[in-house]
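# Structural overview
One letter stands for each residue in the lines below.
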Amino acid sequence: MKLMRCPLNGERNISEFVCGGEVKAMPDPDKASDADWGRYLFFEDNPDGEIVEWWLHAPSSYWFIARRDTRTEAVLETMTVQEWRERQGTVGSGQAQGQSADSQAHGAQGTNG
Amino acid sequence: MEQVRPQSFARRSPIHHALQAEGAVFAPLPGGDAAVAAHYDDPAAERAAAGRLALADLSPLPRMGLKGRDTFDWLRAEGASFEPVPNRAFAQDGGGLLALLSMGEALALAGPDGASPLVAAMAALPAATPGRLAYPLPRGDSHYAFALAGPLWPEVLATLCGVDLRPAAFASGAVAQTSLARSNAILVRHPGDDDKPLFSLLGDSASADYIWSCLRRAMAPHAGRLVGTEALTGDGGSGTGLGKNAH
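Residues numbered from 1 in each chain as written. Chains lettered and ligands numbered in written order. Predicted model: local features only at pLDDT ≥ 70, side-chain atom pairs only at ≥ 80, totals over all residues.

### A word on the pairing of strand β12 (residues 198-204) of chain B
All names here are of chain B.
- Of all 7 residues in β12, 6 are buried, a share of seventy percent or more.
- Of the strand pairs in this sheet, strand β9 (residues 143-149) and β12 are connected by 7 bridges, and their pairing is antiparallel. Bridging across to β12, L148 finds its partner in F199.
- Here 5 bridges tie strand β11 (residues 183-189) to β12, and the two strands are oriented antiparallel to one another. Residue I186 lies in a different strand from β12, and its bridge partner there is L202. (Buried ≥ 20, exposed ≤ 12 C-beta atoms within 10 Å, placed from the backbone. Helix = DSSP H or I, 4+ residues; strand = E, 2+ residues; numbered from the N terminus. Pairing = 2+ DSSP bridges.)

### Quick word on the environment of V119(B)
Residue and element names in this part refer to chain B.
- For V119, the position within the fold is in helix α4 (residues 117-123).
- The exposure class assigned to V119 is buried, which follows from the 26 C-beta atoms found within 10 Å.
- Beyond its immediate sequence surroundings of up to four residues, V119 is in contact with P62, R63, M64, G96, A108 and A110. (Contact = placed C-beta atoms within 7 Å.)

### Some points on the pairing of strand β3 (residues 54-57) of chain B
Residue and element names in this part refer to chain B.
- Because side chains alternate across β3, one face comprises the buried residues A54 and A56, and the other comprises L55 and D57, equally buried.
- Of the pairings in the sheet, the one linking β3 to strand β13 (residues 225-226) comprises 2 bridges and is parallel in character. Residue pairing across strands places A54 opposite R225, the latter belonging to β13.

### Topic: the interface of chain B and chain A
- With 13 residues of chain B in contact, the opposing surface of chain A contributes 13 residues.
- For the side of chain B that touches chain A, the secondary-structure elements that each account for two or more residues are β6 (97-102), β10 (175-180) and β11 of chain B.
- Per element, the largest residue contribution to the side of chain B that touches chain A is 3 residues, and it comes from β10(B).

### Details of the nonpolar core
- Ranked by size, the top nonpolar core spans 75 residues in total, and within it A99(B), F146(B) and L148(B) carry the most contacts.
- Here this core gathers at least three residues from each of two domains, domain 1 (6-61 + 142-246) and domain 2 (63-138) of chain B.
- If sequence neighbours within four positions are ignored, A99(B) has contacts with A89(B), A106(B), L107(B), V175(B) and V188(B).
- Judged by nonpolar contacts, the second largest core, of 15 residues, contains C6(A), V23(A), W55(A) and F64(A). (Core = buried A, V, L, I, M, F, W, Y, C linked by C-beta atoms within 7 Å. Domains from an automatic or database assignment.)

### Details of the domain arrangement of chain B
All names here are of chain B.
- Along its sequence, chain B is carved into domain 1 (6-61 + 142-246) and domain 2 (63-138).
- On a C-alpha basis, the centroid separation for the pair domain 1 and domain 2 is 22 Å.
- Within the residue set of the side of domain 1 that touches domain 2, elements represented by two or more residues are β10, β11, α7 (229-233) and α8 (242-246).
- Of the residues in the side of domain 1 that touches domain 2, the class split is 14 nonpolar, 11 polar and no charged. (Nonpolar A, V, L, I, M, F, W, Y, C, P; charged D, E, K, R; others polar.)

### Describing the confidence of the model for chain A
- Considering every residue of chain A, the mean pLDDT works out to 84; 79% of them sit at 70 or more.
- Counted against residues more than four places away or in other chains, residues 92-113 of chain A, with its pLDDT under 50, gives 43 contacts. (pLDDT = per-residue confidence, 0-100.)

### Examining unusual backbone geometry
- A positive phi is found at N46(A), a non-glycine position, where the angle reads about 50°.
- The residue N46(A) is located in the loop between α1 (34-42) and β4 (50-57) in this model.
- A positive phi is found at A223(B), a non-glycine position, where the angle reads about 55°.
- Within the secondary structure, A223(B) sits in the loop between α6 (208-219) and β13.

The following block contains the structure:
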């Protein structure tokens, strides 16, 4: 079986994981139009190539970030939300890109770590 | 003497019907709100089996979770013994053990006699406390709790679980949050169990019947046996050291 590395639990069978969709910026709920909000909720870029996604390790309810290649189905790397935010240079800013990841629906469920 | 029936108590194991069908003899827990399968028809054989391969239901025993950023701070203030390492379990003074599921989540399990000051302290917490990001998670009814005892555990669990649980890869005190027979589960190898290996298996109580039957079938080729809590505490004999490990 294909394996995936959870930042908390280590390598596990891919059947233990659930994909939570692309990491994308959340528009300001107070200012976004219905069309923009709908686009945020229901549409994804679905690129042909590298993609950054939310993934869940279901047995531990642990959300993390994975880079994946949609052409080869290869998981390029996985990281904690904290590591991803540090890479984006948004730690502690609470605004802009940092908020975009942290305040998504998946982030709101907690990352357990 | 009148037989103790699990149905006489407010709380009961999700598999109490199966245990009754197997002839389990129940005993009330000290708290008085549940009864646990203490032994079956041959306590001496059960104590011997606990040193080889045995399965017990510990579901009625107390357990609690705690989750949130301040979880470890609260545990330190309570005097809990642990190192801040996820997926590790630590024996606690006064009984029971503490399993750390992440840097912000812990699970406390009582010993087979029901004793655990830590579980009691967690159970006494209010649902939310201003200024503290650590909230209690009642786990007594949400999860089944089974114990698998004896050195043949890798043979049994290898048929149900994808994680390498052999002794070299999964030492005493290790915790795995993984899939057991396709059902989410927490596997805790008790700290200090090198002499007499002991696992606690926890998962969704709605899957208890299914997992119990899977474990029984996986044990069958290795002549595993159902045992009560007395075989694990060593009461009256040379049982494996759940009591010792957990205390």
